[in-house]
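Structure assessment
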Amino acid sequence: MTKSILTIVGARPQIIKAAAFSRAIRKGSGAKIKEYLLHTGQHYDANMSRVFFEEMGIPQPDFQLSTGSGGHGRQTGSMLEAIENVLNDLRPDGLLVYGDTNSTLAGALAAAKMHIPVIHIEAGLRSFNKNMPEEINRICTDHTSTFLFAPTATAVKNLENEGFAFDGNKPVSIDNPLVKHTGDIMYDNSLYFASMAEEKSSVLEQNGLKKDGFLLCTIHRDFNTDNEERLQNIFSGLNEVCSVSGIPLVLPLHPRTRNRIEQSGRINVHKNIRIIEPVSFFDMIMLEKYCRMIITDSGGVQKEAYFFRKGCVVLRPETEWVEIMETGNGVLADADPQKILEGYRHFSAGHERNYPSIYGNGKAAEDISKTIRKHL
Ligand code: UD1
Ligand code: UDP
């Protein structure tokens, strides 16, 4: 019998993640699963959304909401109501969500209250900092999920510490949720799309960038962008790094950060910092693969730094991707100019580094799809 799931996407990284899972679910054998896609419209600029569908061959959404930007309550509340309406009509056998955004939380809450099993990909991550909206979203989503697919061993441990203990003698249910360590679907994507990116992207040529001759940076966290002092400190650090390194620093800028810089008018930007529009995933892969080092507050970009074996200076006080720090491939610089510069110097020194395979074997999406076929 064919089962159906409704997958919720809304923010840039979820659209990218959907590429890996949609590929696996279309290909896999066993019980048939029909996937419907709902885009909440949380991200809506062409370079934050449409570009990924086109480039990565993701099926067009079956349901398109127009949520847009706004406070957490309005944004999450309007999605919750609209997703509930879709679920009422569609009655899928499961609802799948990625990560930790407001779109994730809205999907999980709507489905759990309607007794539709929630499938959470990227379950179990914790920063142990509840000032992050993402931490609240992750915890609520995990605790309303029936299937929890954890990308790392640490994520499984975090869930065990919160009382998750699957009983294999009982059926999988919201009261007996299945936790599975699968590896990271973003690793699947980076492997799958890396050669396509080499063929199709001309981002290096377009921006006059030499391989190993530039630094890459992204900034978008609310606590970095919405706090002017932190944003100034981050740019002080980046400006120092530019003076010392003498090479360009490429900054594909999230619209949130662009808005804040424009509103402030007091952020000094070094002449070697090249602010560009957000780029496509293929362009991002090329920038990550050929940069000298990455400086970021993004979750996804931290991991991609690891996949492409680049040192990563993290503009946060803590991270849920603790393995990157533990293996010596990342440093936490927070918004401290001195630590940002020290981080740059540390990874410039060219120490020998190891990259154990902590994110699986590039087949996480297949593993997830097999488990769903078996248990849903
Ligand atoms: C959201 C997620 C964050 C994730 C990030 C990925 C939440 C609470 N946060 O943060 O976890 O890491 O997406 O990028 O869900 N904007 C535009 N155009 C767009 C989208 C956003 O101009 O297409 C601007 C608007 O000014 C908006 C701001 O960016 O207010 C923030 O967007 P929002 O989706 O609320 O949060 P993100 O910072 O993108
Ligand atoms: N990304 C992209 N273009 C950009 C910046 C990021 O394609 O200009 C990709 C990046 O490669 C990663 C994902 O977007 O796969 C990360 O998303 P983001 O940093 O917005 O969110 P987070 O991962 O922190 O939730």
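In short, a report on the structure.

Overview of the packing of helix α1 (residues 12–27) against helix α16 (residues 364–375)
The geometry of α1 relative to α16 is characterised by a closest axis approach of 8 Å and an angle of 55° between their N-to-C directions. The angle between α1 and α16 falls in the class oblique. The chirality of how α1 crosses α16 is right-handed. Between α1 and α16, the contacting residues are A20, F21, A24, I25 and K27 on the first element and A365, E366, I368, S369, I372 and R373 on the second.

A look at helix α10 (residues 228–245)
A turn of α-helix holds 3.6 residues, and therefore any two residues three or four places apart point the same way. The first and last C-alpha atoms of α10 sit 25 Å apart over 18 residues, in line with the 26 Å expected at 1.5 Å per residue. Where α10 is concerned, the buried positions are R230, L231, I234, F235, G237, L238, N239, V241, C242 and S245. Where α10 begins, the side chain of N227 points an oxygen toward the backbone nitrogen of E229, at a separation of 3.1 Å. Just downstream of α10 lies G246, where phi reads positive at about 70°.

What about helix α3 (residues 72–90)?
The terminal C-alpha atoms of α3, which comprises 19 residues, lie 26 Å apart, in line with the 27 Å expected from a rise of 1.5 Å per residue. Turning to α3, its buried residues are Q75, T76, M79, I83, V86 and L87. Buried residues of α3, seen end-on, are gathered within an arc of 100° and therefore sit on one face of the element. In α3, those exposed residues whose orientation departs by more than 90 degrees from the buried face are G73, E81 and D89. Contact partners of the buried residues in α3: β1 (3–9), β2 (33–39), β3 (63–64), β4 (94–98) and α4 (102–113).

Some remarks on the site of ligand 2
The environment of ligand 2 is formed by 19 residues, the closest being R221, V279, S298, G300 and E304. Here an oxygen atom of ligand 2 and a side-chain polar atom of E304 are 2.5 Å apart. About the coverage of ligand 2: the protein hides 95% of its 530 Å² of free accessible area. Among the elements of the structure, α1, α12 (281–290) and α13 (299–307) are those that each provide at least two residues to the shell around ligand 2. The element contributing the most residues to the shell around ligand 2 is α13, with four residues. Split into classes, the residues belonging to the shell around ligand 2 amount to 10 nonpolar, five polar and four charged.

Basis of the calculations
Residues numbered from 1 in each chain as written. Chains lettered and ligands numbered in written order. Predicted model: local features only at pLDDT ≥ 70, side-chain atom pairs only at ≥ 80, totals over all residues. Heavy atoms only, no water. Axes fitted to C-alpha atoms, helices over the stretch in contact; angles between N-to-C directions. Helix = DSSP H or I, 4+ residues; strand = E, 2+ residues; numbered from the N terminus. Parallel < 35°, antiparallel > 145°, perpendicular 65-115°, else oblique. Left-handed = near helix turned anticlockwise from the far one by under 90°. Contact = heavy atoms within 4.5 Å. Expected span 1.5 Å × (residues − 1). Buried < 20%, exposed > 50% of the residue type's maximum accessible area, 1.4 Å probe, protein only. Polar contact = N/O pair within 3.5 Å; in protein donor to acceptor, adjacent residues only side chain to side chain. Arc of directions from axis to C-beta. Near = heavy atom within 4 Å. Areas by Shrake-Rupley, 256 points an atom, 1.4 Å probe, with all protein chains shown as cover. Nonpolar A, V, L, I, M, F, W, Y, C, P; charged D, E, K, R; others polar.

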